Amino acid sequence: QRRVHGDQIFGGEVMALSREENVFMSKITEQTERFEDMIEYIKKIVNSEAELTVEERNLLSVAYKNSVGSRRSAWRALSSIEQKEEAKGGARLPLIREYKKRVEGELAKFCNEIIKLLDERLVKNAKNAEGKVFFLKMKGDYFRYICEFATGDTHAKSSQSALEAYKAASDIAASELKTTDPIRLGLALNFSVFYYEVINEPPKACALAKQAFDEAIADIEHLEEDKYKDSTTIMQLIRDNLTLWTSEMGDGPEEGDH
């Protein structure tokens, strides 16, 4: 086997990469949109048991978000095609369903992989509140993504696990992070989407989103310049969701998450 993830092969010899080289290759694979390769490079750093820097944390997030995101989009498109085919009694329905199952298998693989890394390494290795909230939010997000396609017991367990992760992140964020912090705001955005889409509790979703938005607006003059763009972008997404949800347009555009 010549291919070794996270290592480079020079003249037939495998050379282990340093932490800095794995970061460099993570950036190269991001630029070339080779997100599954990006996962392998950044996982080398995660598996070294080191606490991730902010840059490494963001690279990990980008790698999994894009690998899963393309498959989430494919699954939604296939679900729409399946419904249309079902409505007209199409003979090709088994083919569509079989392919959808394959996409679901890939989604489950990536989601379970990052959840395992979060459980076994990332959350416990995070030394500060910002890191802990970031990773607990991420855990909630990937359980939420499983809820999008899972049914029965898997859906119920994933929903409960997402709720617990989001709640744990929210407890730390409420006591340790500023109301204008982009990680705290991103958590509120995604947690509210979870209440709306997965738990099917629009009033709770709206209350959570409104509280986060109002608290951030009240403290907006204390917003650090380097976080201004990120925070205001997420605040706009929260407000967009609130507008959509309160208008009770069930067939509106998909709710944004971050």
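Residues numbered from 1 in each chain as written. Predicted model: local features only at pLDDT ≥ 70, side-chain atom pairs only at ≥ 80, totals over all residues. Heavy atoms only, no water.

Attention now goes to the overall build of the protein chain. If you tally the helices and strands in the protein chain, you get 9 helices and 2 strands. Sequence-ordered secondary structure for the protein chain, helices as α and strands as β, is β-β-α-α-α-α-α-α-α-α-α. Against the globule reference of 18 Å for 258 residues, the protein chain gives a C-alpha radius of gyration of 20 Å, in line with a compact fold. Its C-alpha atoms put the protein chain at 65 × 60 × 30 Å along the principal axes. Expressed as a percentage of the 258 residues in the protein chain, the buried residues total 45%. Counted over contacts in the protein chain with a minimum sequence separation of 6, partners at least 24 positions apart contribute 67%. Total accessible area on the protein chain is roughly 14000 Å²; 51% of this is exposed by carbon and sulfur atoms. (Helix = DSSP H or I, 4+ residues; strand = E, 2+ residues; numbered from the N terminus. Rg over C-alpha atoms; globule rule 2.2 N^0.38 Å. Buried < 20%, exposed > 50% of the residue type's maximum accessible area, 1.4 Å probe, protein only. Contact = heavy atoms within 4.5 Å. Areas by Shrake-Rupley, 256 points an atom, 1.4 Å probe, with all protein chains shown as cover.)

Here we take up the environment of Tyr 166. Take Tyr 166: it is sitting in helix H6 (residues 152-176). Spatially, the C-alpha atoms of Tyr 166 and Lys 137 are 5.6 Å apart, while their sequence positions differ by 29 residues. In this view, Tyr 166 contacts Lys 137, Gly 140, Asp 141, Arg 144, Leu 187, Asn 190, Phe 191 and Phe 194; residues no more than four positions away in its chain are not counted. At a separation of 2.5 Å, a polar atom in the side chain of Tyr 166 contacts the side chain of Asp 141. Within the structure, the side chain of Tyr 166 is placed 2.9 Å from the side chain of Arg 144, a separation counted as a polar contact. (Polar contact = N/O pair within 3.5 Å; in protein donor to acceptor, adjacent residues only side chain to side chain.)

Grouped together as the largest cluster of nonpolar side chains are 67 residues, with contacts concentrated most on Leu 60, Ile 114, Leu 122, Phe 135 and Tyr 142. Elements with a contribution of two residues or more to this core: helix H2 (35-46), helix H3 (54-87), helix H4 (93-125), helix H5 (129-149), H6, helix H7 (182-197), helix H8 (202-218) and helix H9 (228-246). In terms of residues, this core owes the most to one element, H5, which gives 12 residues. (Core = buried A, V, L, I, M, F, W, Y, C linked by side-chain atoms within 4.5 Å.)

What follows is about unusual backbone geometry. Within the chain, Glu 49 stands out as a residue other than glycine whose phi angle is a positive 75°. Take Glu 49: it is sitting in the loop between H2 and H3. Since its relative accessible area comes to 39%, Glu 49 is described here as partly exposed. One non-glycine residue, Asn 200, lies in positive phi territory at about 60°. Owing to a relative accessible area of 58%, Asn 200 belongs among the exposed residues under this scheme.

The subject of this paragraph is H3. Taking 1.5 Å of rise per residue, 34 residues should cover 50 Å, and H3 covers 48 Å from first to last C-alpha, within 8% of that figure. Two residues or fewer past H3, Gly 89 is found with a positive phi of approximately 65°. (Expected span 1.5 Å × (residues − 1).)

Moving on, we come to the environment of Ala 74. Tracing the backbone shows Ala 74 in helix H3. For the pair Ala 74 and Val 103, spaced 29 residues apart in sequence, the C-alpha to C-alpha distance is 7.6 Å.

It is at 10 Å that the axes of H5 and H7 come closest, and there the two elements cross at 25°. Judged by the angle between their axes, H5 and H7 are roughly parallel. Crossing of H5 against H7: the hand is left-handed. Counted together, Glu 130, Val 133, Phe 134, Lys 137, Asp 141, Arg 144 and Glu 148 of H5 and Ile 183, Gly 186, Leu 187, Asn 190, Val 193, Phe 194 and Glu 197 of H7 form the full contact between these two elements. Across the contact of H5 with H7, the residue classes tally to 6 nonpolar, 2 polar and 6 charged. (Axes fitted to C-alpha atoms, helices over the stretch in contact; angles between N-to-C directions. Parallel < 35°, antiparallel > 145°, perpendicular 65-115°, else oblique. Left-handed = near helix turned anticlockwise from the far one by under 90°. Nonpolar A, V, L, I, M, F, W, Y, C, P; charged D, E, K, R; others polar.)

With 16 residues, H7 should reach 22 Å at 1.5 Å per residue; the first-to-last C-alpha distance of 22 Å fits that figure. Counting buried positions along H7 yields 15 of 16 residues, so the element is predominantly enclosed.

Averaged over every residue, the pLDDT of the protein chain is 91; the share at 70 or more is 90%. Note on residues 1-5: pLDDT under 50 across the span, and 7 contacts to partners over four residues away in sequence or across chains. Every residue in residues 9-14 is under pLDDT 50, and counting partners more than four places away or in other chains gives 9 contacts. (pLDDT = per-residue confidence, 0-100.)

Let's shift gears to the packing of H3 against H4. Between H3 and H4, whose axes approach to 9 Å, the crossing angle comes to 155°. Classed by the angle they form, the pair H3 and H4 counts as roughly antiparallel. In the crossing of H3 with H4, the sense of the turn from one axis to the other is left-handed. The residue inventory of the contact of H3 with H4, partitioned by class, reads 17 nonpolar, 2 polar and 10 charged.

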